[in-house]
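# Architecture and fold: a report
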Amino acid sequence: LFRKRHVGQSKSQVAREAALAIAPGAKVKAHHGNVKDPAFDVDFFRSFGIVLNGLDNLEARRHVNRMTLAAGVPLVESGTAGYKGQVTVHRGGETECFECQPKPVPKKFPVCTIRNTPDKPIHCIVWAKDLLFPRLFGEESDAGDQQQQQ
């Protein structure tokens, strides 16, 4: 879905364009913003026949789950962890909700989250360790190689 040429573009807009390429007659509207903003309330979710979720933030995914349950709208939840992907369907009163099964706390974070939307202290630590440190001091293997050569 996302290619190098999409870097810097709105994920929702790129997903919309991909969906329309597959189904040109579909009615798809891209929404760009923080899903937890007041504008995206229960009435907003109620305006849809179905919600397709592709968020990379567990807290936001839980929020959408609660909103769709309150709105009575089915949720198709999808996500990835490395090369593993999953899709689940949630419909209040018929299937378990997204939060009914505990989700493991991620030990790794997507680079796009670390670079663009860090919202937890751990994101800042990972950014400094994995992205900033190598830029300032070189890769770890470089330092070890230099010490061995001396």
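Below is a summary of the structure that appears in this document.

Calculation rules
- Residues numbered from 1 in each chain as written.
- Predicted model: local features only at pLDDT ≥ 70, side-chain atom pairs only at ≥ 80, totals over all residues.
- Heavy atoms only, no water.
- Helix = DSSP H or I, 4+ residues; strand = E, 2+ residues; numbered from the N terminus.
- Buried < 20%, exposed > 50% of the residue type's maximum accessible area, 1.4 Å probe, protein only.
- Contact = heavy atoms within 4.5 Å.
- Areas by Shrake-Rupley, 256 points an atom, 1.4 Å probe, with all protein chains shown as cover.
- Expected span 1.5 Å × (residues − 1).
- Bend = angle between axes of the 7 residues up to and from the residue.
- Core = buried A, V, L, I, M, F, W, Y, C linked by side-chain atoms within 4.5 Å.
- Polar contact = N/O pair within 3.5 Å; in protein donor to acceptor, adjacent residues only side chain to side chain.
- Salt bridge = Lys/Arg side-chain N within 4 Å of Asp/Glu carboxyl O.
- Patch = residues over 30% accessible without salt bridge, like charges linked within 9 Å, V, L, I, M, F, W, Y side chains within 5 Å.

We now examine the overall build of the protein. Counting its regular elements, the protein contains six helices and three strands. The secondary structure elements of the protein, listed N-terminal to C-terminal, are α-α-β-α-β-β-α-α-α. Taking all 150 residues of the protein together, the buried fraction comes to 22%. Sequence-distant contacts, at least 24 apart, represent 35% of the contacts inside the protein between residues at least 6 apart. Counting every atom, the protein has about 11,300 Å² of accessible surface; 56% of that belongs to carbon and sulfur.

Now for helix H5 (residues 121-137). When the terminal C-alpha atoms of H5 are compared, their 22 Å separation across 17 residues agrees well with the 24 Å that a helix rising 1.5 Å per residue should span. Remark: the principal bend of H5, roughly 35°, maps to Ala128. If you check which residues of H5 are buried, you get His123, Val126 and Pro134. A positive phi of about 85° marks Gly138, the residue just after H5.

With respect to the secondary-structure elements, Arg61 resides in helix H3 (residues 58-71). Arg61 has contacts with Asn53, Leu55, Glu77, Ser78, Gly79, Gln86 and Phe98, leaving out every residue within four places of it along the chain.

It is worth spelling out the nonpolar core at this point. By size, the foremost hydrophobic cluster in this structure holds eleven residues: Val35, Phe40, Phe44, Phe45, Val51, Ala60, Val64, Met67, Ala71, Val73 and Leu75. Contributions of two or more residues to this core are made by helix H2 (42-46) and H3. Beyond its immediate sequence surroundings of up to four residues, Val64 is in contact with Val35, Phe45, Val51, Asn53, Leu55 and Leu75.

With that settled, the discussion passes to the environment of Asn34. Relative to the helices and strands, Asn34 is located in the loop between helix H1 (11-22) and H2. The spacing of Asn34 and Ala60 is 26 residues in sequence and 8.6 Å in space, taken between C-alpha atoms. For Asn34, the side chain forms a polar contact with the main-chain nitrogen of Lys36, separated by 2.8 Å.

Moving on, we come to the pattern of salt bridges. Taken as a whole and assessed by the stated rule, the structure comprises six salt bridges. With a shortest N-O distance of 2.5 Å, Glu59 and Lys36 are connected by a salt bridge. Pair noted here: Glu59 is in helix H3 and Lys36 is in the loop between H1 and H2, with a separation of 23 residues, a long-range link. Overall, Lys36 belongs to the partly exposed group, its relative accessible area being 39%.

As a further point, take the side chain of Thr68. Note on placement: Thr68 falls in helix H3. A residue is classified by how much of its surface remains accessible, and Thr68, at 2% relative accessible area, is buried. Dropping the residues within four chain positions of it, Thr68 is found in contact with Phe45, Val51, Val73 and Leu75.

With that settled, consider a nonpolar patch on the surface. Together, Phe133, Leu136 and Phe137 make up a nonpolar patch on the protein surface, roughly 350 Å² of accessible area in all. Considering the arrangement of structural elements, one finds Phe137 in helix H5. On the basis of relative accessibility, which here comes to 56%, the residue Phe137 falls in the exposed class.

A separate point is the environment of Thr88. Turning to its location among the elements, Thr88 is positioned in strand S3 (residues 84-90). The contact partners of Thr88, leaving out residues within four places of it in the chain, are Leu75, Val76 and Glu77. There is a polar contact of 2.7 Å between the side chain of Thr88 and the side chain of His90.

Taken by themselves, the reported measurements are silent on function.
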